[in-house]
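An overview of the molecular structure
Now for the letters of each chain:
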Amino acid sequence: MIIQPRVRGFICLTSHPEGTAQHVKQQIDHVKSKGKIENGPKKVLVIGASTGFGLASRITAAFGTDAATIGVFFEKPAAPGKPGTAGWYNTAAFENEAHAAGLYAKSINGDAFSDEIKRQTIDLIKEDLGQVDLVVYSLASPRRTHPKTGVAYTSVLKPIGQVFTDKTVDFHSGVVSDISIQPVESEEDINKTIAVMGGEDWKFWIEQLKDAGVLADGVKTVAYSYIGPELTYPIYRNGTIGRAKDDLEGTVPVLNDLLEGIGGISYVSVNKALVTQSSSAIPVVPLYISLLYKVMKEKGIHEGTIEQMQRLFAERLYANGEIPLDEKGRIRVDDWEMREDVQTEVAKLWKQITTENLEQISDIAGYRKDFFNLFGFSFDTVDYDKDTNEVVKILSIK
Ligand code: NAD
Ligand code: NA
């Protein structure tokens, strides 16, 4: 099969096995280049492990601290004439590299919101690892079927209270235009979004893992959040998704109570805005990211998902001494994004940005490259006219 990108809106329908393997390899190389993380986790469960921050967390655990990892995700393998999803190939490539390095790595493909997948995961931990000492919760999904009620919730990305009008970019065509997004019509929209992206499922996971006795003494669990600049507040932090993030962050004390008996602790880490399959779906955010990349690259402080997660593990979660937290008890690895000099610069460029100057004053080129890289495209080292069947044969999840 010859696989080329097929883009529809903000998603890419195809993924390239060799390119995604290249992407994973680059991330592994970054973690290795940073050296071993002292006193890191040894047995790690990553929920949402196939792409984005979850994949980067898994790679950091495996190659930064030689951890055994179990990854849970929802992906599609290749079928005749149809490529698999990027997360499928990422995981196959990750497992190949992990096994070659003598590391334990197994994966579970299915709906992490369901009780069935939680049970399968618990069984696998019991059989192979006994217990885990770190649980990373990195799901991003537009829908969730509630395991107790069977109700299917779909999240919405809307402002609350008033219409939000600002600039946005179609990052494929490079057209900058104004977008107006209508606010939620009822509490219902907010509640649906909280049901999908809030903290309930994280709590269900930790409860069930704990009840099964598969959490080690002193276990840590971490989930990921976002805040961002004021300009995206209406659509992000003060919008429906922000309410879900409030709920996720509010789950920390609940989990800490649950884990107290085994000396465990939970954290939310606020991460930097980055190009992932999830963030490219949010209006306004891709234009902000393009400007942010420009400014952070110029200042030499740009990070991708792997740099973020390596720093989270090495300098926060497993740093010597006390973990620095903000006034709300959160870990911040968005600290460089939120630096005042960075935000002042971005805000200045935000006012100026148009279709005409997009290529000059923003890093839209970097945005596009990162977007295509997510699906294994735009790697100089990959020949995209070559048949991928042989690669797919090697890339299976064991
Ligand atoms: P992503 O889309 O790259 O990854 C989502 C993961 O969840 C994938 O592994 C996917 O397979 C898995 N998943 C989705 N639905 C599932 C299901 N039903 N069952 C099992 N697995 C499922 O997303 P991401 O951007 O890495 O986001 C991860 C977390 O980080 C989210 O909480 C997100 O809000 C947060 N975050 C993202 C950004 C950003 O800019 N991308 C910034 C800060 C925080
Ligand atoms: Na993820």
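Residues numbered from 1 in each chain as written. Chains lettered and ligands numbered in written order. Predicted model: local features only at pLDDT ≥ 70, side-chain atom pairs only at ≥ 80, totals over all residues. Heavy atoms only, no water.

Pairing is parallel in the open sheet, where seven strands are placed in the order β5-β4-β3-β6-β11-β12-β13. Across the chains shown, the open sheet's two edge strands, defined by having one partner strand only, are β5 (105-109) and β13 (331-332). Sheet contacts for helix α3 (residues 86-100): β4 (68-73) and β5; angle to β5, the most-contacted strand, approximately 160 degrees. Packing against the sheet, helix α7 (residues 240-259) makes contact with β11 (215-225) and β12 (265-270), and its axis sits at approximately 160 degrees to β12. (Pairing = 2+ DSSP bridges. Helix = DSSP H or I, 4+ residues; strand = E, 2+ residues; numbered from the N terminus. Contact = heavy atoms within 4.5 Å. Axes fitted to C-alpha atoms, helices over the stretch in contact; angles between N-to-C directions.)

Moving on, we come to the pairing of strand β9 (residues 164-170). Within β9, five of the seven residues are buried, which leaves the element mostly enclosed by the surrounding structure. Linking β9 to strand β10 (residues 175-181), which pair antiparallel, is a turn of four residues; within it G174 sits at a positive phi near 80 degrees. (Buried < 20%, exposed > 50% of the residue type's maximum accessible area, 1.4 Å probe, protein only.)

Moving on, we get to the coordination of the sodium ion (ligand 2). The protein atoms donating to the sodium ion (ligand 2) are G48 (O), T51 (O), G54 (N) and S138 (OG), with metal-donor distances spanning 2.7 to 3.1 Å. Around the sodium ion (ligand 2) sit six donor atoms, and with donor-metal-donor angles ranging over 68 to 178 degrees the site reads as irregular. Within one chain, the residues donating to the sodium ion (ligand 2) are spaced in sequence as G-x2-T-x2-G-x83-S. Here G48 is found in the loop between β3 (43-47) and α2 (52-65), whereas its partner S138 is found in the loop between β6 (132-137) and β7 (143-145), with 90 residues between them in sequence. Of the two residues examined, G48 and S138, each falls in the buried class. (Donors = N, O, S within 2.8 Å, 3.2 Å for Na, K, Ca; no water. Tetrahedral: all angles 85-135°; square planar, octahedral: opposite > 155°, others 65-115°.)

Attention shifts here to the environment of T165. Position of T165 among the secondary structure elements: in strand β9. According to the relative accessible area criterion, T165 is partly exposed, its value standing at 43%. Considered as a pair, T165 and Q182 are 17 residues apart in the sequence and their alpha carbons are 8.9 Å apart. Among residues more than four places away in sequence, those in contact with T165 are I179 and S180. Among the polar contacts listed, one links the side chain of T165 to the side chain of S180, at a separation of 2.7 Å. (Polar contact = N/O pair within 3.5 Å; in protein donor to acceptor, adjacent residues only side chain to side chain.)

The next point concerns the pattern of salt bridges. Scanning the model with the defined rule gives 23 salt bridges in all. As a salt-bridge pair, D115 and K148 come within 3.2 Å of each other at their nearest N and O atoms. Residue D115 is found in helix α4 (residues 115-129), and its partner K148 is found in the loop between β7 and β8 (152-154); the two are separated by 33 residues along the sequence. Of the charged contacts, one joins R332 and D334 as a salt bridge, the two residues approaching to 2.8 Å between their closest N and O atoms. D334 sits in the buried class, given a relative accessible area of 1%. Salt bridges sharing partners connect three or more residues here, namely R237, D246, E249, D326, R330, R332 and D334. (Salt bridge = Lys/Arg side-chain N within 4 Å of Asp/Glu carboxyl O.)

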